[in-house]
Amino acid sequence: MKFVAFERAKQGTGASRRLRNSGKTPGIVYGGEGQPQLIEIDHNALWHALKKEAFHASVLEMELAGATTKVLLRDVQYHPFKQLVLHVDFQKVDAKTKLHMKVPLHYVKSEESQAVKFDSCVVNHVISELEVSCLPSELPEFIEVDLSGLKKGMSLHLNDIKLPKGVTAVTHGKNNPVLVSVVAVAGAEEAAPAAAAAPAAEAKGKGKK
């Protein structure tokens, strides 16, 4: 994704407030050689970009002063109750240096699984995003996880899925965390015996007549 930024000369609380009043959002770009760079971005364009998942989890192309720089979104500060972005932080990306980034997990096909389709189980998504390490060129916007093989009582762990090429998971000491758990619904378990018993009881009642 691309976005346009402009150089920002002034800093400080007063300058940032005036900037926001004019429809701009202050930001900073750090990393690489030299000092962090102060920038400003059109607030409305930024607000809509932040609604897109890819803006949070992919390498972005920032156009600034006629040059394009690859960056990652690292932090966003929102107003406590207004629809207002107060500040954004970006980090420059080095093509040859591995980065750490949280990537969304997209769970698909759970409705096709035996657990949901036949056993009426509930699928709990324990983890919604996964921290990964990879080169910028190999960073995925998301990781798709196929749940069609889920069965009653089972859990899906990190080691059960295949990560994209060049991508490794960063688990911070948890060797094989649970991604998804399958929970049986008590009502569904009781409904089956009750449904089977109903015709038998009806037939027995007719026999007495």
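Look up: the structure comes first, before these words.
Note that this is a predicted model, so its numbers are computed, not measured. Residue numbers run consecutively from 1 along every chain, following the written order of its sequence. This being a predicted model, a pLDDT of at least 70 is required before a residue's local features are given, and a value of 80 or more before pairs of side-chain atoms are given or counted; all residues contribute to the totals for chains, interfaces and linings. By convention in this description, side-chain values take in all heavy atoms of the structure and omit both hydrogens and water.

Visitor: Hey, could you go over the overall build of the chain for me, with residue numbers and the actual values?
Guide: When helices and strands are tallied, the chain shows five helices and 13 strands. In the chain, which comprises 209 residues, the share counted as buried stands at 34%. For the chain, contacts bridging at least 24 residues in sequence account for 66% of all contacts bridging at least 6. Secondary structure is summarised from DSSP: a helix means a run of H or I of at least four residues, a strand means a run of E of at least two, and numbering begins at the N terminus for each. Using a 1.4 Å probe on the protein chains alone, a residue whose accessible area is under 20% of its type maximum counts as buried, one over 50% counts as exposed, and one in between counts as partly exposed. Throughout, a residue-residue contact means that at least one pair of heavy atoms, one from each residue, lies within 4.5 Å.

Visitor: Give me the lowdown on the packing of aromatic side chains, citing residues and values where you can.
Guide: Aromatic rings from Phe, Tyr and Trp, taking only the six-membered ring of Trp, are treated as a pair when their centres fall within 6.5 Å; an angle between ring planes under 30 degrees marks them as stacked, one over 60 as edge-to-face, and anything in between as tilted. Counting across every chain of the model gives four aromatic pairs. When the centroid spacing of 6.2 Å and the interplanar angle of 85 degrees are considered together, the rings of Trp47 and Tyr78 count as edge-to-face. Here Trp47, found in helix α2 (residues 43–50), pairs with Tyr78, found in strand β5 (residues 67–78); they are 31 residues apart in sequence, far enough to count as distant. By the ring-pair criterion, three or more aromatic residues cluster together here, those being Phe3, Phe55 and Phe90. Criterion for a charge above a ring: Arg CZ or Lys NZ at most 6 Å from the ring centre, at most 35 degrees from the ring normal. Here the guanidinium or amino end of Lys24 rests over the ring plane of Phe6, the centre of that ring lying 5.6 Å away.

Visitor: I'd like a rundown of the nonpolar core, residues and numbers included.
Guide: By nonpolar core is meant a set of buried Ala, Val, Leu, Ile, Met, Phe, Trp, Tyr and Cys residues that side-chain atoms within 4.5 Å join together. Counting residues in hydrophobic clusters, the biggest one holds 27 residues, and the most contacted among them are Leu105, Tyr107, Leu139, Leu147, Leu150 and Val180. Breaking this core down by element, the ones donating at least two residues are β7 (99–108), β9 (129–134), β10 (143–146) and β13 (178–183). For this core, the element with the highest residue contribution is β7, accounting for five residues.

Visitor: Report on the pattern of salt bridges, specifying residues and quantitative values.
Guide: Opposite charge on two side chains permits them to pair, given that their charged atoms come into close proximity. The term salt bridge refers to a side-chain nitrogen of Lys or Arg lying within 4 Å of a carboxyl oxygen of Asp or Glu. This model, assessed by the stated rule, comprises three salt bridges. Linking Lys2 and Glu61 is a salt bridge whose minimum nitrogen-to-oxygen distance equals 3.9 Å. Note that Lys2 is positioned in strand β1 (residues 2–7) and Glu61 in strand β4 (residues 60–64), a separation of 59 residues in sequence. Taking the relative accessible area as the measure of exposure, Lys2 reaches 59% and is therefore exposed. Linking Lys70 and Glu61 is a salt bridge whose minimum nitrogen-to-oxygen distance equals 3.4 Å. Taking relative accessible area as the criterion, Lys70 reaches 42% and is therefore assigned partly exposed. By relative accessible area, Glu61 is classed as partly exposed at 26%. Salt bridges here are not isolated pairs; linked through shared partners, they connect Lys2, Glu61 and Lys70.

Visitor: Can you tell me about the sheet that holds β5, naming the residues and giving the values?
Guide: Note: two strands are recorded as paired if DSSP finds a minimum of 2 bridges between them. With mixed pairing, six strands are arranged side by side around a closed barrel as β1-β3-β2-β6-β5-β4. On average, each strand axis in the sheet is inclined to that of its neighbour by 45 degrees, with strand direction left out of account. On the sheet, α2 packs against β2 (24–30), β3 (37–42), β5 and β6 (85–92) and is oriented at approximately 85 degrees with respect to β3. With axes taken as lines fitted to C-alpha atoms, and helix axes fitted only over the stretch in contact, angles between N-to-C directions fall between 0 and 180 degrees.

Visitor: A description of a negative patch on the surface should follow, citing residues and the corresponding values.
Guide: Residues enter patches when their relative accessible area tops 30% and they take part in no salt bridge; the joining distance is 9 Å for like charges and 5 Å for the nonpolar side chains Val, Leu, Ile, Met, Phe, Trp and Tyr. To be clear on the numbers: accessible area is Shrake-Rupley with a 1.4 Å probe, and residue cover counts the displayed protein chains and nothing else. When charges are tallied, Lys and Arg are placed among the positive residues and Asp and Glu among the negative ones, while His and the ends of the chain are skipped. By convention, the charge on Lys lies at NZ, on Arg at CZ, on Asp at CG and on Glu at CD. There is a patch of like negative charges on the surface, built from Glu111, Glu112, Glu144 and Asp146. Mapped onto the fold, Asp146 is located in strand β10. The exposure class of Asp146 is partly exposed, given its relative accessible area of 43%.

Visitor: How would you explain the sheet that holds β13 if you had to name every residue and give the values?
Guide: Within a beta sheet, neighbouring strands are joined by backbone hydrogen bonds and run either parallel or antiparallel to one another. If you trace the three strands from one edge of the open sheet to the other, you get β8-β13-β11, paired in antiparallel fashion. At either end of the open sheet lies a strand with only one pairing partner, and these are β8 (122–125) and β11 (155–157). In this sheet, adjacent strand axes meet at a mean angle of 15 degrees when their direction is disregarded. By the bridge criterion, four bridges tie β8 to β13 in an arrangement that is antiparallel. Its bridge partner being in β13, His125 is matched across the sheet by Val180.

Visitor: I'd love a proper account of the side chain of His87, names of residues and values included.
Guide: In this fold, His87 is placed in strand β6. A distance of 3.0 Å separates a polar atom in the side chain of His87 from a polar atom in the side chain of Asp89. Once you skip the residues sitting within four places of it in the chain, His87 turns out to touch Arg8, Thr25, Pro26, Gly27, Ile28, Asp75, Val76 and Gln77. Nitrogen and oxygen atoms within 3.5 Å of one another constitute a polar contact, given that in protein one can donate a hydrogen and the other can accept it, and given that sequence-neighbouring residues count only through two side-chain atoms.

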